[in-house]
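Close look at the chain arrangement
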Amino acid sequence: MKLKNFKARILDFNLNEVVPVEVKIENGFFSEIKRISEDELLDFNGIILPGFIDSHIHIESSLLTPSLFCEAVLPFGTTSVVCDPHEIASVLGMDGINFMVENGKNAPFDFYFTAPSSVPATNFDKSGATIDSNDIDELLKREEFVALAEMMNFNGVINKNWEVMAKLKSAKKHFKPIDGHCPELSGEDLKKYIYFDGFDEKHLEDDSDLSKPNLKSSYISTEHESSSFKEAIEKKALNMKIMVRDGSSAKNMQAILNFNERLEFLKTQDFFGHISSEDFQKILKNPIFDFIVSDDKEPTDLIKGHLNLSLKKAIDLGIDTIEAIKMVSLNPSNHYNLNSGEIALGKIANFIEVDSLENLNVLKTYVHGELVAKNGKSLYNGKRPQIINNFNVSRRLSKDFDIYIGDKNLKTVNVNVIGLNEGKLITDKLNCNLNLENNIIQPNLNEDVLKISVINRYLDNEKNNLSSIGNGFVKGFNLKNGAIATSVSHDSHNLIVVGVNSNLMAKAANLVIENKGAIVAVSENEEIILPLPIAGLMSDKKIDEVADKLNSLNLFVKSCGSKFEYPFMNLSFLALLVIPHLKINSSGLFDADNFQFIDLIN
């Protein structure tokens, strides 16, 4: 049902208040908005807000295709996303990117894309494709590509790698913003990263100038990897737009919007002590930062809600309701030059009805003026997608996961171990003494030190028909039994597996291989499989079926001893070499601080 005109109370961002208006819609755009009397009969009982915009998300992490993702989130008020198809690009290159664009075209939803800047994320990884600066230039010419995606290779920026700089300058040439990715980067290196063409004071003079495309595209202007207020405020001071991440595995909202740290920061400002207590309380409710984003969201979370839930979290942390709403509407729209994000003349008619500003329960969702979701149900029925895949891995034997030591006199060895931190992507670099049996390094279940391996999924060795494998150890999963494996492992998405012994690891890995991509959990007597036939990243099923299977997997892993809420998402980030401190890929352990491989044994 398409609306042509209606009377309702809308949230007016110019006035920062709710006002009664009469609205006309033509060809999916707001064509007239006229203030009316408070006494007029209205067509909506609730309040009309702009549709929500997730300004940084990898749809692939939902395990859904774009059209099925759309069906899942419309009931929660999301009408647009700025998505980085980095995951499928790492697997299938330009074919994968085009799959995402085409799959979303017929859905009642505004999909905006960013051009993946870091495929592969580093030269140390083995991915299925490369997106070079020529590809980036072609993508940024396209209307649906609104920015250069997160520049993960911060070392390449700082050291002015030619190919990295070519991608950045392409964004500058096309007047499109550049998204950042620089966890824990600080000081002079941070400045060199943000202002890749050289630091210029004009960027810090007047924030209003940053709305000009030529300025926004001349430096790296957003960051979603901040995990503390201190880190975020340093980057904000250098004019980065800060994305407050509320994902499944990485939850940074409570840290970044921390009330006490906001209070202490505001006390250092010049106005402190010179304004009234009432005015200071208003300032204290300002978020300081810019967007609320998902980044990576598992289907078990997404089936419960999307930005609507993140919005409520921000308000619970003391953020002003209207300012929080702007973080998922007006702010991303202005930054990425989208013609939406507010109820205003000439804007796309994406809007939602909520019951009240106090409760923010989404009642109806409209896209381009058409009703697409009502009372928690999508009126759009996503179609089953085509299958696109290139999985190429041979079965492995249990001995492939063993780590042999040649010195028969040794009884123990000291090894480097990856230390997990739930809720964070940053890992610790640990050292542990492990026993040897038959010259094979053994895990230590009592100390929660398990085996971990990454297998290159793209190119089998022609001689022995086996792809490369990197073996190591990890602490934090707390498995007492079983093994888990997945073909979702950021960013190159090689096969990653962790387990209590080599036999179960081989069993889990081979089930992923047989399905040409899957999420798997096994024990001696049981196995659970969620097939991911689309690039080894996404299901061809709807969210209820995908979430149900993933929930079964998570419960099974918990029954094996793990305390993690998201064991597979935690596992998937252990191969992401650009996140500190210690990671692993199919070539071995990687020290992300020094950007080099290191030996397993000290």
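Just above sits the structure.
Residues numbered from 1 in each chain as written. Predicted model: local features only at pLDDT ≥ 70, side-chain atom pairs only at ≥ 80, totals over all residues. Heavy atoms only, no water.

1. Considering empty space enclosed by the protein
The final tally for this structure, using the stated rule, is six cavities of 30 Å³ or more. For the largest cavity, the calculated volume is near 110 Å³. Contributing to the lining of the largest cavity are Ser61, Leu63, Glu298, Thr486, Val488, His490, Ile519, Leu550, Phe568, Met569 and Ser572. Sort the elements by how many residues they give to the lining of the largest cavity and helix H19 (residues 567–572) lands first, with three residues. Its residues assigned to classes, the lining of the largest cavity comprises six nonpolar, four polar and one charged. In this structure, the second largest cavity spans a volume of roughly 90 Å³. Lining the second largest cavity are 16 residues, and of these His58, Glu150, Asp491, Phe573 and Leu576 lie nearest its centre. A breakdown of the residues in the lining of the second largest cavity according to their chemical character gives four nonpolar, five polar and seven charged. Each of domain 1 (5–378) and domain 2 (398–597) contributes no fewer than three residues to the lining of the second largest cavity. (1 Å grid on protein atoms, 1.4 Å probe; cavity = no way out; pocket = protein on both sides within 12 Å on 5 of 7 lines; lining within 4 Å. Points joined across faces, edges and corners; volume = space filled by probe spheres on them. Helix = DSSP H or I, 4+ residues; strand = E, 2+ residues; numbered from the N terminus. Nonpolar A, V, L, I, M, F, W, Y, C, P; charged D, E, K, R; others polar. Domains from an automatic or database assignment.)

2. Looking at unusual backbone geometry
Here the bond from Val119 into Pro120 is cis, since omega is 0°, no more than 30 degrees from zero. Here Pro120 is to be found in the loop between strand E7 (110–115) and helix H3 (133–140). Of note, Glu184 is a non-glycine position whose phi angle comes to about 65°, a positive value. Along the chain, Glu184 falls in the loop between strand E9 (178–180) and helix H6 (187–194). Relative accessible area serves as the criterion here: at 41%, Glu184 is assigned to the partly exposed category. Phi angles above zero are rare outside glycine, and His493 is one such case at about 60°. As for its placement among the helices and strands, His493 is situated in the loop between strand E22 (483–486) and strand E23 (495–499). You can call His493 buried: its relative accessible area is 1%. (Buried < 20%, exposed > 50% of the residue type's maximum accessible area, 1.4 Å probe, protein only.)

3. Examining the packing of helix H9 (residues 229–237) against helix H11 (residues 259–267)
Relative to each other, H9 and H11 sit at 45°, their axes nearing to 11 Å. If you check the angle between H9 and H11, you find them oblique. As for the relative orientation of H9 and H11, their crossing is right-handed in sense. Listed contacts from H11 to Phe229, Lys230 and Ile233 of H9 are Glu261, Arg262 and Phe265. Partitioned by chemical class, the residues of the contact of H9 with H11 number three nonpolar, no polar and three charged. (Axes fitted to C-alpha atoms, helices over the stretch in contact; angles between N-to-C directions. Parallel < 35°, antiparallel > 145°, perpendicular 65-115°, else oblique. Left-handed = near helix turned anticlockwise from the far one by under 90°. Contact = heavy atoms within 4.5 Å.)

4. Focus on the pairing of strand E14 (residues 362–367)
Where strand E13 (residues 351–354) meets E14, four bridges bridge the pair, whose relative direction is antiparallel. Within E14, the position partnered with Val354 by the bridge is Val362. The pairing of E14 with strand E15 (residues 370–374) spans four bridges and is classified as antiparallel. Considered in E15, the bridge of Thr365 is made with Ala373. Counting the residues in the hairpin turn of E14 and E15 gives two residues, including His368, whose phi is positive at 55°. (Pairing = 2+ DSSP bridges.)

These results come straight from atomic positions and should not be treated as a statement about function.
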